[in-house]
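A look at the structure
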Amino acid sequence: MPTQNNIRIIARLDIKGPHVVKGIHLEGLRVLGDPAYFARRYYEMGADELIYMDVVASLYNRNSLHQIIKRAGRELFIPMTVGGGLRTIDDIREVLRSGADKVAINTAAIRNPGIIKEAANKFGSSTIVVAIEAIRQSDGRYLAFTDNGREYTGVDAITWARQAEEYGAGEIMITSVDREGTGEGFDIELVKSLAGSISIPLIAHGGAGSVEDIHRVIAEGGADAVAIASIIHYDLITKEVTAVDTTQEGNIEFLKKNSGFIKIRPASIAKIKAYLKDNGIVCRPVSWYEESYSAKFEGHGQ
Amino acid sequence: MRSHILQNLKGMDNRPRVSIIDYGMGNLFSVRQACERVGLDAIVTSDAAEVLRSERAILPGVGAFGDAMKNLRSLGLVQAIKNFVKSGRPFMGICLGMQLLMSESEEFGHHEGLGIIRGTVRMLKPIDSSRKAKVPQIGWKRIRAGHGGHSSWMGTPLENIRNGEFMYFVHSYFVLPEEERTILSLTDYEDLLYPSSIKKDNIFACQFHPEKSALSGLEIYRSWAGIR
């Protein structure tokens, strides 16, 4: 029997301008609140990593997360991945200098897979995450899209993941655009066929609506890590009113209204990890923050 | 501004000065932040003289062993690091920085290391070669006391860490020091148990990233900062 590897629970923050946003199928973005607040709370609650995606960067050909990352890097001591609009080796170098540990690249890698090899050689394989946005076709195949699922490439997602590994990617993050933001559960078939095709770690993203969904994508899909957003965002903003940016008109109404029909049952990272543990999945426990360490570091930086 | 002379050993504000050795391999931002958080005056430098003037030094790093040695040589840092370690001042190696301390590595052929600690760098793979395993190993794994037991962590940077605490790892290689008693902690990868931290005299080195291991990782920096 293979030993069960520790599964990572990654909090994903989609960023537009200075805000955390959330959409459905990567579209229809709504402002939720301040990235610094969300990131700090997830860090304290036991997130194993953070992913920051500049979700409008591709449209403007630039990533504008440097200030957000720099600030986070001074306060939060867990791995941070940054993605969105990274086109060149210089773009990658710049976000790494701002404090990112890894970069996620999609559009640039599909256009020029050589950038994976070049970046892996320069910064180390483990620094390069290739993000794949997949949409299921009527014939059952999965095709990779770019620019938040807008741009058709015709590239087969599974073949592309294998190639990305050969080029030197350290991890693959697969997003099911069909499921993203819907809470209908991960696309298990997609994750499973990818997990069986590559020998680098696989991060599953898109569709988590409940703790059971997260368990399934690990137990049945074979994911090594899970990136989650809506399920923890909705938990946070319903419990901590200060997290919500109420200056953005219509937000509260939107969130209240949506909680009725979107199939998301909010859960905290602690609740997710507890459920996984009860069901035989090993993860890093969340208790660290309450323990003696915290007192020593409270009030130090800022 | 105070005089230039006062910048030796202590930083300008009297905090102990630590040199984070920059040889073009990996993200040093968080190492620096962690040092600052525990009250050290951290500078990121490629200058051998600067390193030798500091009270303590850290060799971090992510990437390929061969490139790393090449960079250290061309920056004239090999002898500086050896001299620094010989001086008895606190020295920390992290991830690739731990591996570089060994005599040699089997990464893509054979590479000679700094040779400060006798030992080799091996590729991470299951003992049972029929096992399918993911490389690199990325994620939070437990560190457990080696043969010396948990008491061997006393007086080391791990002294306030629980046996079995989780730390963040990302690596494809591991070190095998010749002297088993230098091993502080072990960690598993599939069916393999490998040394995840070692201590030899004034050297502490770890395969995991304490600066990415939340508060328990910062605790390692805090303890290290208190060791003379």
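What comes next concerns the included structure.

1. Some remarks on the nonpolar core
Judged by nonpolar contacts, the single largest core of 128 residues is most densely connected at Tyr42, Tyr52, Ile116 and Ile214 of chain A. Of the residues forming this core, the biggest block, seven residues, is contributed by helix α6 (residues 214-226) of chain B. Residues contacting Ile116 of chain A, with those up to four places away along its chain left out, are Ile105, Ala109, Ile128, Val130, Trp160, Ala164, Tyr167, Gly168 and Ala169 of chain A. One finds Val51, Leu59, Phe91 and Ala205 of chain B within the second-largest nonpolar core, a separate group that totals 34 residues.

2. Quick word on the pattern of salt bridges
Pairs may arise between side chains of opposite charge once their charged atoms sit close together. All names here are of chain A. One pass over the full model with this rule turns up 39 salt bridges over all chains. When the shortest N-O distance is used, the salt bridge between Glu49 and Lys102 registers 3.0 Å. With Glu49 in strand β4 (residues 49-54) and Lys102 in strand β6 (residues 102-105), this residue pair connects regions lying 53 residues apart in the sequence. No difference in accessibility class separates Glu49 from Lys102, as the two residues are buried.

3. Focus on the sheet that holds strand β5 (residues 102-105) of chain B
Pairing is mixed in the open sheet, where four strands are placed in the order β6-β5-β7-β11 (chain B). Each edge of the sheet is formed by a strand with only one pairing partner; in this case those strands are β6 (111-112) and β11 (173-177) of chain B.

4. A word on the packing of helix α4 (residues 89-97) of chain A against helix α6 (residues 114-123) of chain A
Residue and element names in this part refer to chain A. Two elements in contact, α4 and α6, have axes whose closest approach is 10 Å; the angle formed by their N-to-C orientations is 40°. As judged from the angle between their axes, α4 and α6 are oblique. Of the two possible hands of crossing, α4 and α6 adopt the one that is right-handed. Residues Ile89, Ile92, Arg93 and Leu96 of α4 form the contact with α6, whose own contacting residues are Ile115, Glu118, Ala119, Lys122 and Phe123. Along the lines of polarity and charge, the residues of the contact of α4 with α6 split into six nonpolar, no polar and three charged.

5. Considerations on the side chain of Asp156 of chain A
Residue and element names in this part refer to chain A. Mapped onto the elements of the fold, Asp156 is located in strand β9 (residues 151-156). Look at Asp156 and you get buried, because its relative accessible area is 17%. Within the structure, Asp156 has its side chain in polar contact with the side chain of Thr159 (distance 2.8 Å). Residue contacts for Asp156: discarding those within four places in its chain leaves Arg141, Tyr142 and Leu143.

6. Observations regarding the interface of chain B and chain A
Taken together, the contact between chain B and chain A spans 37 residues of the former and 50 residues of the latter. Regarding the contact of chain B and chain A, the summed buried area is about 3,600 Å², with carbon and sulfur atoms giving 55% of it. Considering only the side of chain B, the residues that lose the most area to chain A are Arg37, Lys134 and Leu215 of chain B, jointly responsible for 22% of the buried surface there. One can count twelve residue pairs in polar contact (both at pLDDT 80 or more) joining chain B with chain A. Mapped onto the side of chain B that touches chain A, the elements with two or more residues apiece are α1 (29-37), β8 (137-142), β10 (166-171) and α6 of chain B.

7. Structural notes on the sheet that holds strand β1 (residues 17-21) of chain B
All names here are of chain B. On the basis of which strands lie adjacent, the open sheet formed by eight strands has the order β2-β1-β3-β4-β14-β13-β12-β9 and mixed pairing. Of all the strands in the sheet, the pair left with one neighbour each is β2 (41-45) and β9 (144-145). Inspection of the sheet shows strand β12 (residues 183-189) paired to strand β13 (residues 192-200) by six bridges, in the antiparallel sense. Bridging across to β13, Asp188 finds its partner in Leu193.

8. Considering the packing of aromatic side chains
In total, this model carries seven aromatic pairs over all chains according to the counting rule given. Each ring, one from Phe169 of chain B and one from Tyr194 of chain B, has its centre 6.4 Å from the other, and the planes form 85°; the classification is edge-to-face. Placement of Phe169 of chain B in strand β10 and of Tyr194 of chain B in strand β13 is noted, with a sequence separation of 25 residues between them. Owing to a relative accessible area of 0%, Phe169 of chain B belongs among the buried residues under this scheme. The class of Tyr194 of chain B is buried, set by a relative accessible area of 0%. When the ring of Phe174 of chain B is compared with that of Tyr194 of chain B, the centres are 5.7 Å apart and the planes differ by 45°; the resulting orientation is tilted. Within this pair, whereas Phe174 of chain B is found in strand β11, its partner Tyr194 of chain B is found in strand β13, the two being separated by 20 residues in sequence. A single burial state applies to Phe174 of chain B and to Tyr194 of chain B, both of which are buried. The rings of Phe169, Phe174, Tyr194 and Phe208 of chain B are connected pair by pair, giving a single aromatic cluster. Above the ring of Trp140 of chain B, the side-chain terminus of Arg284 of chain A is found at 3.7 Å from the ring centroid. It is Arg56 of chain B that lies over the ring of Trp224 of chain B; its NZ or CZ is 4.8 Å from the centre.

9. Focus on unusual backbone geometry
Residue and element names in this part refer to chain B. Going from Val135 to Pro136, the amide bond is cis rather than trans, its omega being 0°. Within the secondary structure, Pro136 is located in the loop between β7 (117-123) and β8. Residue Asp201 is not a glycine yet carries a positive backbone phi of 50°. For Asp201, a relative accessible area of 58% puts it in the exposed group. A positive phi angle, close to 50°, is found at Ala214, a residue other than glycine. Residue Ala214 is classed as buried on the basis of its relative accessible area, which comes to 0%.

Each value, and the rule that gives it
- Residues numbered from 1 in each chain as written.
- Chains lettered and ligands numbered in written order.
- Predicted model: local features only at pLDDT ≥ 70, side-chain atom pairs only at ≥ 80, totals over all residues.
- Heavy atoms only, no water.
- Core = buried A, V, L, I, M, F, W, Y, C linked by side-chain atoms within 4.5 Å.
- Buried < 20%, exposed > 50% of the residue type's maximum accessible area, 1.4 Å probe, protein only.
- Helix = DSSP H or I, 4+ residues; strand = E, 2+ residues; numbered from the N terminus.
- Contact = heavy atoms within 4.5 Å.
- Salt bridge = Lys/Arg side-chain N within 4 Å of Asp/Glu carboxyl O.
- Pairing = 2+ DSSP bridges.
- Axes fitted to C-alpha atoms, helices over the stretch in contact; angles between N-to-C directions.
- Parallel < 35°, antiparallel > 145°, perpendicular 65-115°, else oblique.
- Left-handed = near helix turned anticlockwise from the far one by under 90°.
- Nonpolar A, V, L, I, M, F, W, Y, C, P; charged D, E, K, R; others polar.
- Polar contact = N/O pair within 3.5 Å; in protein donor to acceptor, adjacent residues only side chain to side chain.
- Buried area = accessible area lost by both parts, 1.4 Å probe.
- Phe/Tyr/Trp six-rings, centres within 6.5 Å; stacked < 30°, edge-to-face > 60°.
- Lys NZ or Arg CZ within 6 Å of the ring centre and 35° of its normal.

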